[in-house]
Amino acid sequence: MGILQDFKHARPRLLQSTIFRLTLLYTALFCASFLLLLTFVYFATVREMESEIKHRITSEMNEAKTQFNTHGAAGLEKLINEFLEDEDEGLAIYLLVDAQNKVLAGNMESWPQDVEYSENWLLFDIESRRLEEGVHVLARDSSLPGGYRLLVGYSLRGPDRTKEVMLDVVSASVILALIVTGLSGTVFSGIIRRRLMQVNQICEQVIGGNLDVKVPVTGGADEFDHLASNVNAMLDRIAELVKGLRQTSDNIAHDLRTPLARHRNRLEGIVTHPPKHTADVQEYMKAGIEEVDTILETLNSILRISQAQSGVASGHFVTFDFSAVVIDVVEFYDEFAAQKDINIHGSVPLNIKATGDKPLITQAIANLIDNAIKYTPAGGQITVALTQNQHMIECVVADNGPGIPSDHYDKVKERFFRMEASRTSQGTGLGLSLVDAVAQLHRGELVFGDNRPGLIATLRLPIAAASNDAPPHASA
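This is a predicted model, so every value here is computed, not measured.

> Would you mind showing me how to read unusual backbone geometry here?
Excluding glycine, most residues fall at negative phi; most peptide bonds, likewise, are trans. Here the amide bond leading from Arg 452 into Pro 453 is cis, since omega sits at 0°, within 30 degrees of zero. Relative to the helices and strands, Pro 453 resides in the loop between strand S12 (445–450) and strand S13 (455–462). A positive phi angle is found at Arg 443, which is not glycine, with a value near 60°. Within the secondary structure, Arg 443 is located in the loop between helix H8 (431–441) and S12. The exposure class assigned to Arg 443 is exposed, which follows from its relative accessible area of 75%.

Shown next as structure tokens:
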């Protein structure tokens, strides 16, 4: 009972299986092709056998006529008897009658009745001591001088047996093909369904929130292993993104909570202890505006990074003067660096063209220079250099500050990552994340190196167009 119940439950799934339906379709096509082939072989074989029989009948009929014309009826009777002596299979039919239909020679008792004619050929059934009943005969008749009539034919037992054998072979082959295909379809469907069920079970666990699962890989290097490897890679990527999203959410909450709390305390202080002087009110408002600006800067940075990583900005690509952008950014930060007693030296070739999102690239270069100014001590120096080769444009920002340990080169590209654990320094921790996102958007990269001391940050972008002439250098 248990096996029957399992089969009843499995039967609907089996009929719904794509593999099983494809197997049935293949079976139908195979059987149809097999039937067409056997039909062709059948008709070709039967036609060849009938052609051979007709040739023998025609040949013997001509020989009999020649014998009659040469030796008369007696000679023909002798020839027919010789034919019958040589014929030991009971397949040949000979009959010679006179004008009164009296049988003179042959192996038939009388002239056949119920004869069908088809293009000068006779078809009839006979009953004979030497031949089985109901045997079909193909024959030709001929009228001879003197009222004699001659009949020469052959039994169609050979073609009939061939038909029967081939029909039996076709029936058995179709039944065997259906049985084998049905069993193979069931087995193949079960194997493939088990492999797909593993993937479905993993997907269900992922939907339930478990991102640590993996699809088993058999090591057979087949299509299912390829699918499993891709699914596992996708799960790893999803887990990485979820982890980054969780960390980003925590960092956003941490970074925004402090300025919001300060802003609330400041507003509460104004309510509970209203300032007596206008200057104090303005000071409170100025500090509040600075706090709000910090929050807006953080949110705007997150938005720009998200846009860059999603590729939304790729629809705003234009060809622009990269050299002019770098020179403008260096000039903008020159005064700010001078306030910290830091010297910025720019080595920028003119007329270097690039294709991309100009505002994002400008912001990325500004972030690199701002980051260098933030960590370069007083009296230090920052070098901004723009170079190009056959394939890439490189904007290099080098400082002589404390630098970054090499094992943190990838971490500083993460959102909200800061070198100090207390996160007390100014900034959002999004500057280098934005630069890296802009680089990826433009199919470039952000790489770091050791300036001994200090940091070398290089933004590499694919070159779009450049002047063929050797460009002069401008010192910013």
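> Got a minute to help me understand the confidence of the model for the protein chain in this structure?
Should pLDDT be low for a region, the predicted coordinates there are not to be read in detail. Across the protein chain, pLDDT averages 77, with 79% of residues at or above 70. Looking over the protein chain, one finds the lowest element-wise mean pLDDT in strand S14 (residues 465–466), namely 36, and the highest in strand S11 (residues 392–399), namely 90. Under a pLDDT of 50 for its full length, residues 421–425 has, in the predicted model, 8 contacts with residues more than four places off or in other chains. Taken as a whole, residues 465–476 scores under 50 in pLDDT and shows 25 contacts with residues more than four places along the chain or in a different chain.

> So what exactly am I meant to see when it comes to the packing of aromatic side chains here?
Remark: the centre distance and the inter-plane angle together describe each pair of aromatic rings, the angle taken between the planes. Taken as a whole and judged by the stated rule, the model has 4 aromatic pairs. Positioned above the aromatic ring of Trp 121, the side-chain terminus of Arg 140 is 5.0 Å from the ring centre. A cation over a ring is seen here: Arg 149 above Trp 111, with NZ or CZ 4.0 Å from the ring centre.

> How should I be thinking about the packing of helix H2 (residues 18–86) against helix H3 (residues 157–207) in this particular structure?
How two helices sit against one another is set out by the angle between their axes and by the gap between those axes. Where H2 meets H3, the closest approach of the two axes is 9 Å, and the angle between their N-to-C directions is 165°. If you check the angle between H2 and H3, you find them roughly antiparallel. Note that H2 runs across H3; the crossing there is right-handed. Partitioning the contact of H2 with H3 into residue classes produces 20 nonpolar, 12 polar and 1 charged.

> Help me understand the nonpolar core in this model?
What tends to happen in soluble globular proteins is that the nonpolar side chains get buried as a cluster. Grouped together as the largest cluster of nonpolar side chains are 44 residues, with contacts concentrated most on Phe 322, Val 326, Ile 344, Ile 365, Ile 369, Val 384 and Leu 459. For this core, the leading source of residues is helix H7 (residues 358–375), giving 9 residues. Ignoring any residue separated from it by four or fewer positions in sequence, one finds Ile 369 in contact with Val 329, Val 330, Tyr 333, Ile 344, Val 384 and Val 397. Membership of the second largest hydrophobic core comes to 22 residues, among which are Phe 83, Tyr 94, Trp 121 and Leu 144.

> Is there a simple way to explain a nonpolar patch on the surface in this structure?
On the surface, a cluster of nonpolar side chains totalling about 300 Å² of accessible area is made up of Leu 22, Leu 25 and Leu 29. Along the chain, Leu 25 turns up in helix H2.

> Any chance you could explain helix H6 (residues 322–339) here in plain terms?
A rise of 1.5 Å per residue sets the reference length of H6, with its 18 residues, at 26 Å; its end C-alpha atoms lie 27 Å apart and thus fit the reference within 8%. When H6 is considered as a whole, its buried residues turn out to be Phe 322, Ser 323, Val 325, Val 326, Ile 327, Val 329, Val 330, Tyr 333 and Ala 337. Among the residues of H6, the N-terminal cap falls to Asp 321, whose side-chain oxygen and the backbone nitrogen of Ser 323 are separated by 3.1 Å. A positive phi of about 60° marks Asp 341, the residue just after H6.

What counts as what
- Within each chain, residue numbers correspond to sequence positions counted from 1 in written order.
- Local features in this predicted model are restricted to residues of pLDDT 70 or higher, and side-chain atom pairs are both shown and tallied only at a pLDDT of 80 or more, whereas totals for entire chains, interfaces and linings draw on every residue.
- Hydrogen atoms and water are omitted, and side-chain values are computed over all heavy atoms in the structure.
- Each helix is a run of DSSP H or I of at least 4 residues and each strand a run of E of at least 2, with the numbering of both proceeding from the N terminus.
- Working definition: with a 1.4 Å probe on protein chains only, accessible area under 20% of the residue-type maximum means buried, over 50% means exposed, and in between means partly exposed.
- pLDDT expresses how confident the predictor is about each individual residue, on a scale running from 0 to 100.
- A contact between two residues is defined here by any heavy atoms of the two lying within 4.5 Å.
- Classification of ring pairs rests on two measures: the distance between centres of Phe, Tyr or Trp rings, Trp counted by its six-membered ring, which must be within 6.5 Å, and the angle between planes, read as stacked under 30 degrees, edge-to-face over 60 and tilted in between.
- For a ring to carry a charge above it, either NZ of a lysine or CZ of an arginine must fall within 6 Å of the ring centroid while also lying within 35 degrees of the normal to the ring plane.
- Note on method: axes are straight lines fitted to C-alpha atoms, helices fitted across the in-contact stretch only, with angles between N-to-C directions ranging 0 to 180 degrees.
- Orientation labels follow simple angle bins: below 35 degrees gives roughly parallel, above 145 gives roughly antiparallel, 65 to 115 gives roughly perpendicular, and whatever is left gives oblique.
- Take the far helix as your reference; a near helix turned counterclockwise from it by less than a right angle gives a left-handed crossing, and one turned clockwise gives a right-handed crossing.
- The classification used treats Ala, Val, Leu, Ile, Met, Phe, Trp, Tyr, Cys and Pro as nonpolar, Asp, Glu, Lys and Arg as charged, and all other residues, Gly among them, as polar.
- Among buried residues, those of type Ala, Val, Leu, Ile, Met, Phe, Trp, Tyr and Cys that are joined through side-chain atoms within 4.5 Å constitute a nonpolar core.
- Patch membership needs two things, relative accessible area over 30% and no salt bridge, and members are linked within 9 Å if like-charged or within 5 Å if nonpolar (Val, Leu, Ile, Met, Phe, Trp, Tyr).
- Per-residue accessibility takes into account occlusion by the displayed protein chains alone, with areas from the Shrake-Rupley method and a 1.4 Å probe.
- Salt bridge, as applied in this entry: a Lys or Arg side-chain nitrogen positioned within 4 Å of an Asp or Glu carboxyl oxygen.
- The length a helix should cover is 1.5 Å for every residue beyond the first.
- Side-chain atoms alone can form a polar contact between residues adjacent in sequence; in general such a contact is a pair of N or O atoms within 3.5 Å, and within protein one must be able to donate a hydrogen while the other accepts it.

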